[in-house]
Every structure is written in structure tokens, then in C-alpha cells.
Amino acid sequence: MPQQTFDSYEEFWPYYVAMHSRAATRWVHLTGTLTGLAITTYGLARGRKRYAAALPLIGYGTAWPAHFLIEGNNPASFGHPAWSLRGDVRMIRMMLAGRDRELAETAAKWLADNS
């Protein structure tokens, strides 16, 4: 899929979700991000600043391979890093709130409309 362009984050959001159309990709993102956040928080609470690197290393280190191996696409962060970070937070919050089905529906609609 060629690089997409968007005029706003709200226009980007359905595309972002579509790049995470498979539940396994979303769950790998959630697991990597929360693991990185937990290790970072633990390290900083212990005064070990180098642990702050855990969040991006573990978060992206698990998320990016999921795109290649599960989703078969490139991470949206390659072309839209700031909006992708915002999308990650929104997606994970929705998943933790039990709204994964809504994400799947948003992805399916975007893919159907843009295929």
C-alpha cells in the first residue's frame, strides 16, 4: 500500500486502525507498550534513568515486527510518527476499555472503502 497523506489526525485515525486490522497485531502492540511502560516506571522509581529506554525499545521492538509478520504491512509510524504515537495511546485505551470489536469494525470499514 503506498504512503497515505492526511489533513488531520481524525482523518488519519481510521487508516491507523486499518494498519492494525488483525487482533493479534493490536494485542502485540498493547503487550509491548505496557511491558515497556512497566519496566520504565519500575526503573525510574528505583532511580535508574537508563530504564526509560525500555518504553520505546520494547514498545517499538515488539510492534514493528508484528506489522511485518502478522499484518503484512509497514508500521504507520514510518510515515506519521506523532499521529501514530497518539493512535497507539488511543487504541490501547480502547482495548483496555473492552472496545476491541469497535477497532476491528473501524479497520474493516476503512479497508473495504480503500481497497
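Residues numbered from 1 in each chain as written. Predicted model: local features only at pLDDT ≥ 70, side-chain atom pairs only at ≥ 80, totals over all residues. Heavy atoms only, no water.

Per an unreviewed UniProt entry, the protein chain is named DUF962 domain-containing protein, and its organism is Streptomyces laculatispora.

A. How the structure looks around the packing of helix H1 (residues 9–18) against helix H4 (residues 81–96). Packing of H1 against H4 leaves a shortest axis separation of 10 Å and a crossing angle of 65°. In this structure, H1 crosses over H4, and the sense of that crossing is right-handed. Of H4, the residues touching H1 (which contributes Tyr-9, Glu-10, Phe-12, Trp-13 and Tyr-16) are Trp-83, Ser-84, Arg-86, Gly-87, Asp-88, Arg-90, Met-91 and Met-94. Partitioning the contact of H1 with H4 into residue classes produces seven nonpolar, two polar and four charged. (Axes fitted to C-alpha atoms, helices over the stretch in contact; angles between N-to-C directions. Helix = DSSP H or I, 4+ residues; strand = E, 2+ residues; numbered from the N terminus. Left-handed = near helix turned anticlockwise from the far one by under 90°. Contact = heavy atoms within 4.5 Å. Nonpolar A, V, L, I, M, F, W, Y, C, P; charged D, E, K, R; others polar.)

B. How the structure looks around the packing of aromatic side chains. Counted according to the given criterion, the structure contains 13 aromatic pairs. Centre to centre, the rings of Phe-12 and Tyr-16 are 5.9 Å apart; their planes meet at 45°, and the pair counts as tilted. Remark: Tyr-16 and Phe-12 occur in helix H1; sequence separation between them is four residues, near one turn of the helix. With relative accessibility at 0%, the residue Phe-12 sits in the buried group. Residue Tyr-16 is classed as buried on the basis of its relative accessible area of 1%. When the centroid spacing of 5.1 Å and the interplanar angle of 75° are considered together, the rings of Trp-64 and Phe-78 count as edge-to-face. A residue pair is termed long-range when its members are at least 10 positions apart, and Trp-64 in helix H3 (residues 54–71) and Phe-78 in the loop between H3 and H4 qualify at 14 residues. For Trp-64, a relative accessible area of 32% puts it in the partly exposed group. Every member of this aromatic cluster is reached through a ring pair, and the members are Phe-6, Tyr-9, Phe-12, Trp-13, Tyr-15, Tyr-16, Trp-83 and Trp-110. It is Arg-86 that lies over the ring of Tyr-9; its NZ or CZ is 3.8 Å from the centre. Directly above the aromatic system of Trp-13 lies the positively charged group of Arg-90, at a separation of 4.1 Å from the ring centroid. (Phe/Tyr/Trp six-rings, centres within 6.5 Å; stacked < 30°, edge-to-face > 60°. Buried < 20%, exposed > 50% of the residue type's maximum accessible area, 1.4 Å probe, protein only. Lys NZ or Arg CZ within 6 Å of the ring centre and 35° of its normal.)

C. Representation of the UniProt feature "transmembrane region" (unreviewed entry) in the protein chain in the model. Under the UniProt annotation, "transmembrane region" (unreviewed entry) lies at residues 27–45. Each end of residues 27–45 is marked by a C-alpha atom, and these two atoms are 27 Å apart; helix forms 100% of the span and strand 0%. (UniProt positions renumbered as here; feature names shortened; annotations may be inferred.)

D. Broad picture of the side chain of Thr-40. The topology assignment puts Thr-40 in helix H2 (residues 23–45). Residue Thr-40 is classed as buried on the basis of its relative accessible area, which comes to 8%.

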